[in-house]
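Geometric and topological summary
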Amino acid sequence: MLSVLGAGALFGTAGTAAAFAPDGATATAVGILRLEVGALALLAALPLLGGSLRRLVRLLRTPAMLATAVSAAAYQPLFFGGVGRAGVALGTLVAVGSAPVLAGLLGWARFGHRPTPGWLAATGVCLVGLVLLCAPDLTTDGGAGVGLLLALGAALAIATYNVAAKVQLDRGVSALEVPAGSFLVGAVLLLPLLLAQPLNWLASPGGIGLALYLGVVTMGLANVLFARAIQGLTSGPVTTLMLADPLVATGLGVLVLGETLAPVAVLGAVLILAGLLLQGVLAARAGAEEAEAITAGYP
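These lines cover the structure that appears in this document, whether it is placed above or below. (Residues numbered from 1 in each chain as written. Predicted model: local features only at pLDDT ≥ 70, side-chain atom pairs only at ≥ 80, totals over all residues. Heavy atoms only, no water.)

1. Examining the side chain of T250
- Its location among the elements puts T250 in helix α12 (residues 244-255).
- Setting aside residues up to four positions removed in sequence, T250 forms contacts with A89 and L93. (Helix = DSSP H or I, 4+ residues; strand = E, 2+ residues; numbered from the N terminus. Contact = heavy atoms within 4.5 Å.)

2. Thoughts on the packing of helix α3 (residues 27-45) against helix α10 (residues 205-229)
- Two elements in contact, α3 and α10, have axes separated by 7 Å at closest approach and are oriented at 50°. By the angle between their directions, the pair α3 and α10 is classed as oblique. Here α3 runs over α10; the crossing is right-handed. Counted together, V30, R34, L35, V37, G38, A41 and L42 of α3 and L210, A211, L212, L214, G215, V216, T218, M219, G220, N223 and V224 of α10 form the full contact between these two elements.
- A per-class count over the contact of α3 with α10 returns 12 nonpolar, 5 polar and 1 charged. (Axes fitted to C-alpha atoms, helices over the stretch in contact; angles between N-to-C directions. Parallel < 35°, antiparallel > 145°, perpendicular 65-115°, else oblique. Left-handed = near helix turned anticlockwise from the far one by under 90°. Nonpolar A, V, L, I, M, F, W, Y, C, P; charged D, E, K, R; others polar.)

3. Considerations on the packing of aromatic side chains
- Evaluated as defined, the whole model comprises 2 aromatic pairs.
- With 5.3 Å between their ring centres and 15° between their planes, Y75 and F79 make a pair best called stacked. One end of the pair is Y75 and the other is F79, both in helix α5 (residues 63-86) and 4 residues apart, which spans about a single turn. Comparing Y75 with F79 shows no difference in burial state: the two are buried.
- Ring geometry for F79 against F80: centres 5.2 Å apart, planes inclined by 80°, an arrangement best described as edge-to-face. For the pair formed by F79 and F80, the shared burial category is buried. (Phe/Tyr/Trp six-rings, centres within 6.5 Å; stacked < 30°, edge-to-face > 60°. Buried < 20%, exposed > 50% of the residue type's maximum accessible area, 1.4 Å probe, protein only.)

4. Here we look at the layout of surface pockets
- Here the second largest pocket is characterised by a volume of approximately 190 Å³.
- Of the residues assigned to the lining of the second largest pocket, the class counts are 6 nonpolar, 4 polar and 1 charged. (1 Å grid on protein atoms, 1.4 Å probe; cavity = no way out; pocket = protein on both sides within 12 Å on 5 of 7 lines; lining within 4 Å. Points joined across faces, edges and corners; volume = space filled by probe spheres on them.)

5. Details of the nonpolar core
- Counting 73 residues, the largest nonpolar core has V94, L133 and F183 as its most contacted members.
- Aside from chain neighbours lying at most four places away, what touches V94 is L130, L133, C134, L148, A151, L152 and A155. (Core = buried A, V, L, I, M, F, W, Y, C linked by side-chain atoms within 4.5 Å.)

6. Some thoughts on the side chain of N162
- Structurally, N162 can be placed in helix α8 (residues 142-170).
- On the accessibility criterion, N162 (12% relative accessible area) is buried.

7. Topic: α10
- For α10, built from 25 residues, the straight-helix expectation of 36 Å at 1.5 Å per residue is met to within 8% by its first-to-last C-alpha distance of 33 Å.
- Along α10, the sharpest change in direction is near 25° and occurs at A222. (Expected span 1.5 Å × (residues − 1). Bend = angle between axes of the 7 residues up to and from the residue.)

8. Some details on empty space enclosed by the protein
- One pass over the structure, following the stated rule, counts 2 cavities of 30 Å³ or more.
- What the largest cavity holds in volume is close to 100 Å³.
- For the lining of the largest cavity, the secondary structure elements donating two or more residues are α1 (2-12), α5, α6 (88-111) and α12.
- It is α6 that provides the largest number of residues to the lining of the largest cavity, a total of 3 residues.
- The class makeup of the residues in the lining of the largest cavity is 10 nonpolar, 2 polar and 2 charged.

9. Thoughts on the packing of α1 against α10
- Direction vectors running N to C along α1 and α10 enclose 155°, while the axes themselves pass 8 Å from each other. Comparing the axis directions of α1 and α10 gives the class roughly antiparallel. You can see that α1 and α10 cross each other, and the crossing is left-handed. Mapping the contact onto sequence places S3, V4, G6, A7, L10 and F11 in α1 and V217, T218, L221, A222, N223, L225, F226, R228 and A229 in α10.
- Of the residues in the contact of α1 with α10, the class split is 10 nonpolar, 4 polar and 1 charged.

10. Concerning the state of the cysteines
- Here the structure, examined in full by the defined rule, presents 0 disulfides.
- Free of any disulfide, C126 has its nearest neighbouring cysteine sulfur in C134, separated by 12 Å. (Disulfide = S-S within 2.5 Å.)

11. A word on the pattern of salt bridges
- Counted according to the given criterion, the structure contains 2 salt bridges.
- With its nearest N and O atoms 2.5 Å apart, the salt bridge here joins R55 to E177. Highlighted residues: R55 in helix α4 (residues 53-59) and E177 in helix α9 (residues 177-195), separated in sequence by 122 residues.
- Taking the relative accessible area as the measure of exposure, R55 reaches 33% and is therefore partly exposed.
- One salt bridge connects K166 with D170, and the closest N-O pair in it is separated by 2.7 Å. Of this pair, K166 and D170 both sit in helix α8, 4 residues apart, which is roughly one turn of the helix.
- Here D170 falls in the partly exposed class, since its relative accessible area comes to 47%. (Salt bridge = Lys/Arg side-chain N within 4 Å of Asp/Glu carboxyl O.)

Dropping the structure here:
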């Protein structure tokens, strides 16, 4: 439980850390560097934690690994572009709050798991919360509206990553080899785009520190903790404890960055968190067969 709480908290700091990027850093460059450094960190840790580099090379050629890699690659510029325009609190809540809804629909299409009444109820609560959360910015701020669309794109990337990762986990791939392989392929795919970005800011101590923190801590360490956590927990507790991500992100956005949410948006945020909590409680009460549909993490 401490491992998954730690992972969720570290995931939740990424948006706030990116807000302190040096002048000249683009959201695209920050996101890609996070993936590049994260891939190297996981590859270095993999042999030390029981993973196999040889097996990982074979996995890189599978369609499921390619799907997780593309999702991980797409998530980075979408998420950081979203929180850069809509704010860390709002952007993270939209991305994290809508990801389970999209993952459930994709899982239904891929695995044939029909939504249960409980899941539909929890999803309905999340959707109402999302509408209330987004409504003020969609009507008053065009830039925030674009940011929310990018955050929704990030949510779709999370959902696709989780569904494709579940295919790999069901085939016996370890919970650490999935992100290691995905981040590696995604980093290679995005390398040409990274080289087209302005990177002068990376020569500064702040730029190097940001890249290392985002890659090593919010990608490498967070995924190591998450892989450790899901070995001993079923989907219910994991889903519930991962609320640390949006809670930490929202708290940092408000307390550190001085962001504010309209009263109706605050109500929406509360409903999103309630819907996510309900999903975790329902999953905890489900039988073993349903519990195997575990959250695979964040790209």
